[in-house]
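Understanding the architecture of this molecule
Here is how the chains run, residue by residue.
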Amino acid sequence: MCSHQPPCPTADSVDHHSAVIVSAHPEQGWSLLCNGTIVFDDTGELLPDGRVVSPHRSLGRLAVAA
């Protein structure tokens with residue numbers, strides 16, 4: 001699917017979220033990556049095979065301080 005050099009990581013790779021954004025829709029809260037992964041603003045992901053990756057927000061300074 002990817003025509004970039006070097007090629008983007010596949011959707012099965014650990015670093016699949018680092019692929020190039022080919023279509024961004026910030027008004028709707030999602031972007032399509034070159035490897036077919038859809039990433040959402042809440043850090044959730046939808047992989048090309050239909051698997052869902054739940055949001056994986058890290059605890060920020062505010063959450064730790066609370």
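Just so you know, the residues in each chain are numbered from 1, in the order the chain's sequence is written. Confidence filtering applies because this is a predicted model: local features only for residues at pLDDT of at least 70, side-chain atom pairs given and counted only at 80 or more, and all residues used for totals across whole chains, interfaces and linings. To obtain the side-chain values, all non-hydrogen atoms of the structure were used and water was disregarded.

Between any two strands, pairing holds if DSSP finds at least two bridges. In DSSP terms, a helix is any run of H or I states spanning at least four residues, a strand is any run of E spanning at least two, and both are numbered starting from the N terminus. With 4 bridges connecting them, strand β1 (residues 21-25) and strand β2 (residues 30-33) associate as antiparallel partners. Note on β2: the bridge partner recorded for Ala24 is Ser31. With antiparallel pairing between neighbouring strands as the criterion, β1 and β2 make up a hairpin whose turn holds 4 residues, including Gly29 at a positive phi of roughly 85°.

Moving on to the pairing of β2. Per-residue accessibility, obtained with a 1.4 Å probe over protein chains only, is compared with the maximum for each type, and a residue is labelled buried under 20%, exposed over 50%, and partly exposed between these values. Here β2 shows one buried face, formed by Ser31 and Leu33, and one open face, formed by Trp30 and Leu32. Of the strand pairs in this sheet, β2 and strand β3 (residues 38-40) are connected by 3 bridges, and their pairing is antiparallel. By the bridge assignment for β3, Ser31 is matched with Val39. Remark: 4 residues form the turn of the hairpin made by β2 and β3, two consecutive strands paired antiparallel; Gly36 in that turn has positive phi of roughly 90°.

With that out of the way, let us pick up the sheet that holds β3. An order of β1-β2-β3-β4-β5 is seen for the 5 strands of this open sheet, with the pairing classed as antiparallel. At either margin of the open sheet sits one strand with a lone partner, and together these are β1 and β5 (52-53).

Below, the discussion takes up the confidence of the model for the protein. Averaged over every residue, the pLDDT of the protein is 86; the share at 70 or more is 85%. Per-residue confidence from the predictor is reported as pLDDT, which spans 0 to 100. No element of the protein has a lower mean pLDDT than helix α1 (residues 61-65), which averages 53, and none a higher one than β2, which averages 96.

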